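Examining the three-dimensional arrangement
Here is how the chains run, residue by residue.
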Amino acid sequence: MAVVAQSSTFSRIFWPTVAWLTAMIFFFPIFWMVFTSFKTDADAVKPEYLFFFTPTFENYLNMTENYDYWRFAINSVITSTFATAFALVVGVPCAYSMAFNPTPATKNILMWMLSTKMLPAAAVLYPMTFLTKNFLGIYDTHFLVIVVLMLINLPIVIWMLFTYFKEIPKEIIEAGKMDGVNTWGEIKDILIPLAWGGVASTALLCFIFCWNEAYWTVRLTTTEAATLSKLIEGNRAPEGLFFGRLSAVSTAAVGPIVVLGWFCQRQLVQGLTFGAVK
Amino acid sequence: MANLNIRDAKKAYGNTEVIHGINLDIEDGEFVVFVGPSGCGKSTLLRMIAGLEDITSGNISIGNEVVNTIAPSKRGVAMVFQTYALYPHMNVFKNMAFGLRQAKMPEDEIEKRVNAAAEVLQITDYLNRTPRALSGGQRQRVAIGRAIVREPKVFLFDEPLSNLDAALRVQTRLEIARLHQSLGTTMIYVTHDQVEAMTLADKIVVLRSGIIEQVGSPVDLYENPGNMFVAGFIGSPKMNFFSSKAFTRSIATIIEGAAHGDIIGIRPEHLRVTTKENAMLSARLELLENLGENVLAHFVSQDDTALIAKLDRLPTEKIGDTMHFTANTNLIHLFDNKTKIRK
């Protein structure tokens, strides 16, 4: 008994400490970013102002006045929303057919889709830039960003939806067939209501990935369709690093998505544990 | 209301054929039970009738119309699934109304039908509940109700009772029998439980490995099984099978026309205890199972064949003692050793 009590006291203290430390390590850069965003560029690099300084909103005001923050933010909203919507429009029927009408090739197709995520993006950078700029003429358009964001997230969207749809008993879909619903009806009236948590959390995750995407949005846009990632990148400033300004821009870029995630937390957790409650 | 005819129906998945050419005629209003061990193809055959599996070759017709390529909902059949397969996000009323709404039936007619079915199945009080809030038995009633409201020509039941507990199973079985009496609609019922088959069926279809072993009324299959498989499958406990070596007398003197190599089948309920002089079989008592109304006694015969006898009451003999049996000769079944077909 004594041994049990001892070990439980130990783990009561040890594991929470480890957990808190890990959390702090992950949280610290974000904290530091927000913290620094309230310093002037000059203060941000001075060691004497590391912790004690006069907070200022100058960076934020500067950002909205001089760098057109809202245009970038609106671009981010537009591209992420449409990319997510289109990814679902393609992904839902795709996952539906693979979950309920599997063929011997289904597994391979799923693996192949996932394998596209293993391709280094840089490998197709030149053809992508060349094609979109010189050939198709869609460089720096919302259309291009939406298509690219949709395509790079599609494998994950389909995989997630497939997993959720697999949880739904086949008989329920068959009962629907007996009741005379067509394929669209099966998806609309049975599948989506049943897998609602899963669909919502897939959409949310996809939206977050789209919002945070930087590699392509930075490289395939200049001004017209530039997203918040591009704004951050643009503030990397050739004159040197303006930490205060950069921190403010970054904070303003991740802010909306953090708030969204916070509000949808319940939905996310519900979606991720969907299979357990049925 | 309609008769149903199956002609040379085959089903293959890739190169694997699982249904090997079924021929079957089901009369209008008949209660037909498909029975057989798991993997025999009974559910597949039912699903072919339902339209959930396509037919590789052959024809299935309902009311003299070939339905091979007709959508499930247009075949005039309704199915009750083993797992109920209710729509979890709809309440009981909506579950039952769903098919009718798909068919664009007027709302007042839907209400009338659902309420009538709910009345019959005694689920009127639960119409606003979701399936989650119902017990297993209630869910099964809703599933049956969902089938009834569509007023199908043929009802299909896929092992509807196997998820219920024993008491509820007996009760629901009765309700299904009653339902068949009152509706008079053709019903096809799949089960692996031969008691369900015996009690419900007008006609039993025994399947094994994708072929029909025998078709007949329950009594017919019980009294005149066509082969060893059917003989062993119908009846509980199952029929005892012996070689002639198990008998104390030459088999030819017991049954006319019996050859030495034949397999002899006697049902446990047909073995009668007798004296050593009158016995055709002697066996050592191994185990007793007292069921109250009768006793299942397990024996080992002189050539080490296990057998069961259904006795009226506990025997005075002890475990290890030898008991002697005889049986009415017209209740003894002879099977050819090679073909397993009844002689």
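How each quantity is defined
- Residues numbered from 1 in each chain as written.
- Chains lettered and ligands numbered in written order.
- Predicted model: local features only at pLDDT ≥ 70, side-chain atom pairs only at ≥ 80, totals over all residues.
- Heavy atoms only, no water.
- Helix = DSSP H or I, 4+ residues; strand = E, 2+ residues; numbered from the N terminus.
- Rg over C-alpha atoms; globule rule 2.2 N^0.38 Å.
- Buried < 20%, exposed > 50% of the residue type's maximum accessible area, 1.4 Å probe, protein only.
- Contact = heavy atoms within 4.5 Å.
- Areas by Shrake-Rupley, 256 points an atom, 1.4 Å probe, with all protein chains shown as cover.
- Lys, Arg positive; Asp, Glu negative; His and termini not counted.
- Charge placed at Lys NZ, Arg CZ, Asp CG, Glu CD.
- pLDDT = per-residue confidence, 0-100.
- Pairing = 2+ DSSP bridges.
- Patch = residues over 30% accessible without salt bridge, like charges linked within 9 Å, V, L, I, M, F, W, Y side chains within 5 Å.
- Salt bridge = Lys/Arg side-chain N within 4 Å of Asp/Glu carboxyl O.
- Expected span 1.5 Å × (residues − 1).
- Axes fitted to C-alpha atoms, helices over the stretch in contact; angles between N-to-C directions.
- Parallel < 35°, antiparallel > 145°, perpendicular 65-115°, else oblique.
- Left-handed = near helix turned anticlockwise from the far one by under 90°.
- Nonpolar A, V, L, I, M, F, W, Y, C, P; charged D, E, K, R; others polar.
- Buried area = accessible area lost by both parts, 1.4 Å probe.
- Polar contact = N/O pair within 3.5 Å; in protein donor to acceptor, adjacent residues only side chain to side chain.
- Core = buried A, V, L, I, M, F, W, Y, C linked by side-chain atoms within 4.5 Å.
- Phe/Tyr/Trp six-rings, centres within 6.5 Å; stacked < 30°, edge-to-face > 60°.

Thoughts on the overall build of chain A
Looking only at helices and strands, chain A features 15 helices and 0 strands. The C-alpha atoms of chain A give a radius of gyration of 24 Å, which is well past the 19 Å a tight globule of 278 residues would have. Every one of the 278 residues in chain A was classed for burial, and the buried ones make up 41%. The long-range share in chain A, meaning contacts at least 24 apart out of those at least 6 apart in sequence, stands at 74%. As presented, chain A carries roughly 15700 Å² of accessible surface, and 73% of it is formed by carbon and sulfur atoms. Of the side chains in chain A, 17 bear a positive and 17 a negative charge, and the two mean positions are spaced by 8 Å.

Regarding the confidence of the model for chain A
All names here are of chain A. Looking at chain A as a whole, its pLDDT mean stands at 86, while 91% of the residues score no less than 70. The weakest mean pLDDT in chain A belongs to helix α15 (residues 274–277) at 39; the strongest belongs to helix α4 (residues 69–100) at 94. Below pLDDT 50 for its whole length, residues 274–278 participates in 7 contacts with residues either more than four positions away or in separate chains.

Examining the pairing of strand β15 (residues 295–301) of chain B
Residues and elements named next belong to chain B. Burial within β15 is extensive, with 6 of its 7 residues counted as buried. Here strand β14 (residues 281–290) pairs with β15 via 7 bridges, running antiparallel. Within β15, the position partnered with Glu289 by the bridge is Leu296. In textbook terms, the turn of a hairpin is the stretch between consecutive antiparallel strands, and for β14 and β15 this stretch comprises 4 residues, one of which, Gly292, has a positive phi near 90 degrees.

Observations concerning a nonpolar patch on the surface
Together, Phe27(A), Phe28(A), Ile30(A), Phe31(A) and Val34(A) make up a nonpolar patch on the protein surface, roughly 450 Å² of accessible area in all. Owing to a relative accessible area of 32%, Val34(A) belongs among the partly exposed residues under this scheme.

Description of helix α4 (residues 136–148) of chain B
The end-to-end C-alpha distance of α4(B) is 18 Å, a good match for the 18 Å that 13 residues give at a rise of 1.5 Å each. Residues of α4(B) that are buried: Gly137(B), Gln138(B), Gln140(B), Arg141(B), Val142(B), Ala143(B), Ile144(B), Gly145(B), Arg146(B), Ala147(B) and Ile148(B). For α4(B), the secondary structure elements touched by its buried residues are α8 (170–178) of chain A together with β6 (77–80), α2 (92–102), α3 (107–121), β7 (154–158) and α5 (166–183) of chain B.

As for the packing of α2(B) against α3(B)
All names here are of chain B. Across the interface, α2 lies against α3 with an axial gap of 10 Å and an inter-helix angle of 135 degrees. Accordingly, the angle class assigned to the pair α2 and α3 is oblique. At the point where α2 passes α3, the crossing takes the right-handed sense. Counted together, Phe93, Met96, Ala97, Leu100 and Arg101 of α2 and Glu107, Ile110, Glu111, Arg113, Val114, Asn115, Ala117 and Ala118 of α3 form the full contact between these two elements. The residue inventory of the contact of α2 with α3, partitioned by class, reads 8 nonpolar, 1 polar and 4 charged.

Examining the interface of chain A and chain B
Between chain A and chain B, the residue contacts involve 16 residues of the former and 22 residues of the latter. Taken over both partners, the interface formed by chain A and chain B buries close to 1500 Å², and the fraction arising from carbon and sulfur atoms is 65%. By the criterion of area lost to chain B, the three top residues of chain A are Glu174(A), Met178(A) and Asp179(A), representing 43% of everything that side buries. There are 1 salt bridge connecting chain A and chain B. Counting across the interface, chain A meets chain B through 6 residue pairs in polar contact (both at pLDDT 80 or more). The set of elements that each furnish at least two residues to the side of chain A that touches chain B consists of α8 and α9 (183–194) of chain A. Residue contributions to the side of chain A that touches chain B peak at 8 residues, all from α8(A).

Regarding the nonpolar core
Grouped together as the largest cluster of nonpolar side chains are 73 residues, with contacts concentrated most on Phe165(A), Ile6(B), Phe34(B), Leu156(B) and Ile188(B). The element contributing the most residues to this core is helix α7 (residues 142–166) of chain A, with 12 residues. One finds Phe31(B), Ala147(B), Phe157(B) and Ala201(B) within the second-largest nonpolar core, a separate group that totals 45 residues.

Let's talk about the pattern of salt bridges
Residues and elements named next belong to chain B. Overall, the coordinates contain 19 salt bridges over all chains when judged by the stated rule. Across the salt bridge formed by Glu53 and Lys11, the nearest N and O atoms sit 3.7 Å from each other. Taken together, the residues span a long stretch of sequence, with Glu53 in the loop between α1 (42–50) and β4 (57–62) and Lys11 in strand β1 (residues 4–13) at a distance of 42 residues. In this structure, Glu53 and Lys11 share a single accessibility class: buried. Residue Glu175 is joined to Arg141 by a salt bridge in which the shortest nitrogen-to-oxygen separation is 3.2 Å. Of this pair, Glu175 sits in helix α5 while Arg141 sits in helix α4; the two residues are 34 residues apart in sequence, bridging distant segments of the chain. According to the relative accessible area criterion, Arg141 is buried, its value standing at 16%.

Some words on the side chain of Ser80(A)
Residue and element names in this part refer to chain A. Position of Ser80 among the secondary structure elements: in helix α4. By relative accessible area, which is 1% here, Ser80 ends up buried. Beyond its immediate sequence surroundings of up to four residues, Ser80 is in contact with Phe207, Cys210 and Trp211.

Things to note about the packing of aromatic side chains
Residue and element names in this part refer to chain A. In total, this model carries 26 aromatic pairs over all chains according to the counting rule given. Aromatic pair Phe31 and Phe35: ring centres 5.3 Å apart, planes at 25 degrees, arrangement stacked. Of this pair, Phe31 and Phe35 both sit in helix α1 (residues 2–36), 4 residues apart, roughly one helical turn. On the basis of an interplanar angle of 85 degrees and a centroid distance of 5.5 Å, the ring pair of Phe38 and Phe57 is categorised as edge-to-face. Placement of the pair is Phe38 in the loop between α1 and α2 (41–44) and Phe57 in the loop between α2 and α3 (58–66), with a sequence separation of 19 residues. Here Phe57 falls in the exposed class, since its relative accessible area comes to 56%. Ring-pair connections join several aromatic residues into one group, and the members of that group are Phe27, Phe28, Phe31, Trp32, Phe35, Phe51 and Phe53.

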